[in-house]
Amino acid sequence: MNLDEKSRMPDDAILEAHTRTFSKSESDGDGVLSMPILGMALFTMIFVFGGIYLSKYSGDFHPFVFDPEGEPPSWDVGADGGQQVAVDGEKLYKRNCVACHQADGKGLPGAFPPLVGSRWVRGDPDRMVAIVLNGLTGRIEVAGNTYNSIMTPFSSLLDDEQIAAIATFIRSNPDWGNNADRVSAEQVSAVRASHERSNAWNVEEILELYPLE
Ligand code: HEC
C-alpha cells in the first residue's frame with residue numbers, strides 16, 4: 001500500500017505528460033509534412049533541368065559526340081547578321097573521323113588506313129567525297145600497306161557543307177603535306193546526286209568510277 005502510494009503519479013503530472021506528448025507529435029507532424037513538399041519541388045526542378053539539359057546537349061547520344069578537346073562553336077558574323085554557323089572542317093574531322101583515322105591522320109596500322117600520304121585523298125576530290133558519303137569495304141592498298149575492313153557511311157550524318165569542309169581540311173592541310181583547292185558543297189551535292197545507293201562502295205566499284213591518278 002505504501003509502495004502503491006509512492007508509484008502513483010499525481011493527476012496534473014499525467015496531464016502535463018500528455019500535453020507534452022501530443023504537442024510534440026503535432027510539431028513533428030508539421031515538420032514531416034513540410035519537408036516532402038520542399039523536397040519534391042527541388043527534385044522536380046532538378047528533373048526538369050536535367051531533361052532540358054540532356055535534350056539540348058546530349059547530341060542524340062551519337063558515339064562520336066564526346067569531344068574532349070572541343071571548343072564552343074564559332075559564329076561567322078557576316079552579311080546575314082550572324083545567322084550562318086561557320087562550318088569548321090577540323091572540328092568536324094575530330095568529331096567524325098578521328099576515332100579511326102586518328103588525330104594525326106596516320107590511321108592505325110593493320111586496322112585503319114592513313115589519310116596522310118594517301119593517293120585516295122589526292123587528285124579527284126569526288127573519290128574521297130564518295131567514300132565519306134557511302135563508306136567503303138574490301139581489300140584496299142594505302143601508302144604501301146593493305147587493309148581489308150569496313151568504313152561506315154556518313155551520308156545521313158553529315159550534310160554537303162560539312163563533308164565539303166572535312167574534305168577541304170584533309171586535302172589542304174599543310175601539316176599532312178597537302179595543299180589542294182577547297183572542295184565546295186556543290187561538288188559534294190553533285191556526287192551525292194550522281195548515284196543512288198545506300199550500301200558501301202567496294203574497292204573495285206569506286207576505282208572504276210574514280211580511278212587513282
Ligand atoms: C569506323 C571507322 C572509320 C571512321 C569513323 C572513318 N573511317 Fe575512313 N576508313 C575506314 C576504313 C576501315 C577504311 C578502309 C576500308 C577498306 O578496308 O576497304 C577507310 C577508308 C577511308 C578512305 C580511303 C583510304 C585512305 O586512307 O585514304 C578515306 C579517304 C577515308 N576513309 C576518309 C574518312 C573520313 C573523311 C572520315 C570522317 C568523315 C572517315 N574516313 C571516317 C574507317 C573509318
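Residues numbered from 1 in each chain as written. Predicted model: local features only at pLDDT ≥ 70, side-chain atom pairs only at ≥ 80, totals over all residues. Heavy atoms only, no water.

1. Thoughts on the pattern of salt bridges
Put simply, the rule is: We count a salt bridge whenever a side-chain nitrogen from Lys or Arg sits within 4 Å of a carboxyl oxygen from Asp or Glu. Per the convention used, a helix needs a DSSP run of H or I reaching at least four residues, while a strand needs a run of E reaching at least two, with both numbered from the N terminus. Under the scheme applied here, a residue whose accessible area is under 20% of the maximum for its type counts as buried, over 50% as exposed, and between as partly exposed, the area being computed with a 1.4 Å probe on protein chains only.
Summed over all chains, the structure comprises 4 salt bridges. In this structure, Lys94 engages Glu90 in a salt bridge whose closest nitrogen and oxygen atoms are separated by 3.9 Å. Of this pair, Lys94 and Glu90 both sit in helix α3 (residues 89-96), 4 residues apart, roughly one helical turn. According to the relative accessible area criterion, Lys94 is partly exposed, its value standing at 31%. As a salt-bridge pair, Glu213 and Arg127 come within 3.3 Å of each other at their nearest N and O atoms. Here Glu213, found in the segment after α8 (203-209), pairs with Arg127, found in helix α5 (residues 125-134); they are 86 residues apart in sequence, far enough to count as distant.

2. Things to note about the packing of aromatic side chains
Put simply, the rule reads: Between 30 and 60 degrees the pair is tilted, below 30 it is stacked and above 60 it is edge-to-face, where a pair is any two Phe, Tyr or Trp rings, Trp via its six-membered ring, whose centres lie within 6.5 Å. Charge-over-ring contacts are defined here by two conditions on Lys NZ or Arg CZ: a distance within 6 Å of the ring centre and an angle within 35 degrees of the ring normal.
Scanning the model with the defined rule gives 5 aromatic pairs in all. Ring centres 5.4 Å apart and planes at 75° place the aromatic pair Tyr93 and Trp176 in the edge-to-face group. Of this pair, Tyr93 sits in helix α3 while Trp176 sits in the loop between α6 (160-171) and α7 (185-194); the two residues are 83 residues apart in sequence, bridging distant segments of the chain. The class for Tyr93 is buried, based on a relative accessible area of 1%. Assessed through its relative accessible area of 7%, Trp176 is described here as buried. Through successive ring pairs, a cluster of aromatic residues spans Phe49, Tyr53 and Tyr57. If you follow Arg197 out to its NZ or CZ, it ends over the ring of Trp201, 4.2 Å from the centre.

3. Comments concerning the coordination of the iron atom of the ligand
The reference angle at a metal is 109.5 degrees if four donors form a tetrahedron and 90 or 180 degrees if six donors form an octahedron. Convention followed: Metal sites are built from N, O and S donor atoms within 2.8 Å, or 3.2 Å for Na, K and Ca, and they leave out water, so they may look incomplete. Angular criteria define each label, namely tetrahedral for four donors with all angles between 85 and 135 degrees, square planar for four and octahedral for six donors with opposite donors over 155 degrees apart and remaining angles between 65 and 115, and irregular for whatever fails these tests.
Distances from the iron atom of the ligand to its protein donors, His101 (NE2) and Met151 (SD), fall within 2.0 to 2.1 Å. Here the iron atom of the ligand binds 6 donor atoms, and the angle range of 87 to 179° at the metal identifies the geometry as octahedral. Within this pair, whereas His101 is found in helix α4 (residues 98-101), its partner Met151 is found in strand β2 (residues 145-151), the two being separated by 50 residues in sequence. Classification of His101 as buried rests on a relative accessible area of 12%.

4. Describing the site of the ligand
To keep it simple, the criterion reads: One heavy atom suffices: a residue is near a molecule or strand as soon as one of its heavy atoms comes within 4 Å of it. Between N or O atoms, a polar contact is any pair within 3.5 Å; within protein, one atom must be a potential hydrogen donor and the other a potential acceptor, and residues adjacent in sequence are included only when both atoms are from side chains. Side-chain classes follow a simple rule in which Ala, Val, Leu, Ile, Met, Phe, Trp, Tyr, Cys and Pro form the nonpolar group, Asp, Glu, Lys and Arg form the charged group, and the remainder, Gly included, forms the polar group.
In the neighbourhood of the ligand, 28 residues make up the surrounding shell, with Cys97, Cys100, His101, Ser118 and Met151 lying closest. Here a nitrogen atom of the ligand and a side-chain polar atom of His101 are 2.8 Å apart. Between the ligand and the protein, one listed contact pairs an oxygen atom with a backbone N or O atom of Ser149 at 2.9 Å. At the level of secondary structure, the elements contributing two or more residues to the shell around the ligand comprise α4, α5, β1 (136-142), β2 and α6. Within the shell around the ligand, the residues separate by chemical class into 21 nonpolar, 7 polar and no charged.

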